[in-house]
Amino acid sequence: MMVSQNDRLIFENLFVLELANNHWGNIKRGLKIVRDFATVARVNSVRAAIKLQFRDVDSFIHPSFKGFTESRYIKKTEATKLSIDEFKILIDEVVNCGCIPMATPFDEASVGLCGTFDLPIIKIASSDIATWPLLEKISNLNKPVIISTGGATEKTIDDCVKFFEHRNVPLAINHCVSLYPSEDSELELNQIDYLKERYPNHIIGFSTHEMNDWENSMLISYGKGARTWERHIDIDYENVPVSKYCSLPHQVDTWFKAFHKSKEMCGGSTTSRRNVSSKERKYLDELVRGVYAKKELKKGYVFSSETFDKDFYLAIPLHKGQLSCREIINGESLTVDISPDDQLTIDHIDGPYRENESLRKFILERGK
């Protein structure tokens, strides 16, 4: 089986821009991030989703650890808390800017918030790929899902994929290395080949936290068959430090342009032979040798591979209407006398090249 057309329409060439908690609980900052990156997506004519992170902060952190500043994760979770109304403002702005609203829910209550906002695609973080109560809630939404596979075992990924397949939930699978940030040597892009081979019915993507490059990994990942991508995004604004694993608008612009270059260089279908352009055919036709008579040959002469080299030679240029070395068939015969160095043309022999109109037209228009 192959990837369904429905999954292609949902996931193929989709860019997920992970806003995460970079709004820092500040709506003004969050809106600027949305607008800045939506502009970059629009300028580059790409289909982009801007993704938030949902946590029910009151229940997500154990009561005895609230305000526990020694944990970076707890501290950031509390510092970036937004109300439902504030999330709605951000989601409405994502839609108004022409992007797709998405979220990663990190707890079961937040799955309900995804349903409240009717988000069209749900993302599952690498850390939750085996969190079955969460996965059950997400599957009940019956929305397309993207999973990241950072740190997961093969069995864990298999189990998660089967879980959503059995529920007929559209699914994309992202290769991901959960190192924040990632060095080039840690990207493991060959895993895209592995995932494509193991899960041929699904779109395979690449979720990246790299810090050095916004071109080469796109060229490589696209060439390997990744068809959805994700990066963390941020802006240089109000003196807030930007994490090394986050991308700024000008860097995402470079990333999008690398995507278009990848598409241009890789071309079309991976499942059938490409269509050869008239430009390429014309070029190759100039390299093909035409058939010329070595000596006088009489009407009724029968072509044979055994005597061809004795009676004919091949040379450039190939003329319009002239037969090439590709088209001589044993058993055909001359319909007229020909002289030494005459071109052997379509009108000199019997056979399909005279009778088939499309073949005749092709040969008559080919050559000098």
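Up top is the structure.
Residues numbered from 1 in each chain as written. Predicted model: local features only at pLDDT ≥ 70, side-chain atom pairs only at ≥ 80, totals over all residues. Heavy atoms only, no water.

A. Region of the structure containing the overall build of the protein chain. When you go through the protein chain residue by residue, the secondary structure sums to 15 helices and eleven strands. The C-alpha radius of gyration computed for the protein chain amounts to 31 Å, which surpasses the reference 21 Å derived for 368 residues by more than 25%, pointing to a less compact arrangement than a globule. Principal axes of the C-alpha set define a box for the protein chain whose edges measure 105 × 45 × 35 Å. In the protein chain, which comprises 368 residues, the share counted as buried stands at 47%. Residue pairs in contact within the protein chain that sit at least 24 positions apart in sequence constitute 69% of those at least 6 positions apart. Put simply, the protein chain shows about 18,600 Å² of open surface, and 51% of that area lies on carbon and sulfur atoms. (Helix = DSSP H or I, 4+ residues; strand = E, 2+ residues; numbered from the N terminus. Rg over C-alpha atoms; globule rule 2.2 N^0.38 Å. Buried < 20%, exposed > 50% of the residue type's maximum accessible area, 1.4 Å probe, protein only. Contact = heavy atoms within 4.5 Å. Areas by Shrake-Rupley, 256 points an atom, 1.4 Å probe, with all protein chains shown as cover.)

B. Quick peek at empty space enclosed by the protein. Counting across every chain of the model gives one cavity of 30 Å³ or more. Space inside the largest cavity adds up to approximately 70 Å³. Along the walls of the largest cavity sit Asn21, His23, Gln53, Arg55, Val57, Thr77, Thr80, Lys81, Leu82 and Phe87, which together make up its complete lining. Of the residues that constitute the lining of the largest cavity, the class distribution is three nonpolar, five polar and two charged. (1 Å grid on protein atoms, 1.4 Å probe; cavity = no way out; pocket = protein on both sides within 12 Å on 5 of 7 lines; lining within 4 Å. Points joined across faces, edges and corners; volume = space filled by probe spheres on them. Nonpolar A, V, L, I, M, F, W, Y, C, P; charged D, E, K, R; others polar.)

C. Looking closely at helix α8 (residues 154–166). In this model α8 runs 18 Å from its N-terminal to its C-terminal C-alpha over 13 residues, within 8% of the 18 Å that 1.5 Å per residue would give. Contact partners of the buried residues in α8: β4 (121–124), α7 (132–141), β5 (145–148), β6 (171–176) and α9 (191–198). Where α8 ends, the next residue or the one after it, Asn168, has phi of about 55 degrees, a positive value. (Expected span 1.5 Å × (residues − 1).)

D. Structural context of the environment of Phe54. Checked against the element boundaries, Phe54 lands in strand β2 (residues 47–54). Overall, the relative accessible area of 0% leaves Phe54 in the buried class. Separated by 291 residues in the primary sequence, Phe54 and Thr345 place their C-alpha atoms 74 Å from one another. Not counting residues up to four positions away in its chain, the partners in contact with Phe54 are Phe87, Ile91, Ala103, Thr104, Pro105, Phe106, Asp107, Ser110, Leu113, Cys114, Phe117 and Leu119.

E. Region of the structure containing unusual backbone geometry. Residue Pro181 is reached from Tyr180 by a cis peptide bond, and omega for that bond is 0 degrees. The residue Pro181 is located in the loop between β6 and α9 in this model. Ile316 connects to Pro317 through a cis peptide bond whose omega is 5 degrees. Examined against the element boundaries, Pro317 turns out to sit in the loop between β11 (312–315) and α14 (352–355). Phi at Glu238 takes a positive value of approximately 55 degrees, unusual for a residue other than glycine. Note that Glu238 resides in the loop between β8 (228–233) and β9 (246–247). The phi dihedral of Asp341 is positive, around 70 degrees, even though this residue is not glycine. Structurally, Asp341 is set in the loop between β11 and α14.

F. Representation of the side chain of Thr345 in the model. The residue Thr345 is located in the loop between β11 and α14 in this model. In this view, Thr345 contacts Gly321, Gln322 and Leu323; residues no more than four positions away in its chain are not counted.

G. How the structure looks around the packing of helix α10 (residues 216–224) against helix α11 (residues 249–266). Across the interface, α10 lies against α11 with an axial gap of 8 Å and an inter-helix angle of 40 degrees. Put simply, α10 runs oblique to α11. Handedness of the α10/α11 crossing: right-handed. Residues Met218, Leu219, Tyr222 and Gly223 of α10 touch α11, and the partners they reach there are Trp255, Ala258, Phe259, Lys261, Ser262, Lys263 and Cys266. For the contact of α10 with α11, the residue count by class is seven nonpolar, two polar and two charged. (Axes fitted to C-alpha atoms, helices over the stretch in contact; angles between N-to-C directions. Parallel < 35°, antiparallel > 145°, perpendicular 65-115°, else oblique. Left-handed = near helix turned anticlockwise from the far one by under 90°.)

H. The arrangement of the environment of His202 in detail. Mapping His202 onto the fold places it in the loop between α9 and β7 (203–208). The class of His202 is buried, set by a relative accessible area of 8%. Along the backbone, His202 and Arg274 are 72 residues apart, and their C-alpha atoms lie at a distance of 23 Å.

I. Inspection of the pairing of β7 at higher detail. Here β7 lies mainly inside the structure; six of its six residues are buried. Here β7 shows two buried faces, one formed by Ile203, Gly205 and Ser207 and the other by Ile204, Phe206 and Thr208. Sheet topology note: the β6/β7 ladder contains five bridges and is parallel. Its bridge partner being in β7, Cys176 is matched across the sheet by Ser207. A crossover links β6 with its parallel partner β7, the connecting element being α9, and its sense is right-handed. The sheet contact formed by β7 and β8 spans four bridges and is parallel. Residue pairing in the sheet places Phe206 in a bridge with Trp229 of β8. (Pairing = 2+ DSSP bridges. Right-handed = clockwise from strand over helix to strand, strands pointing away.)

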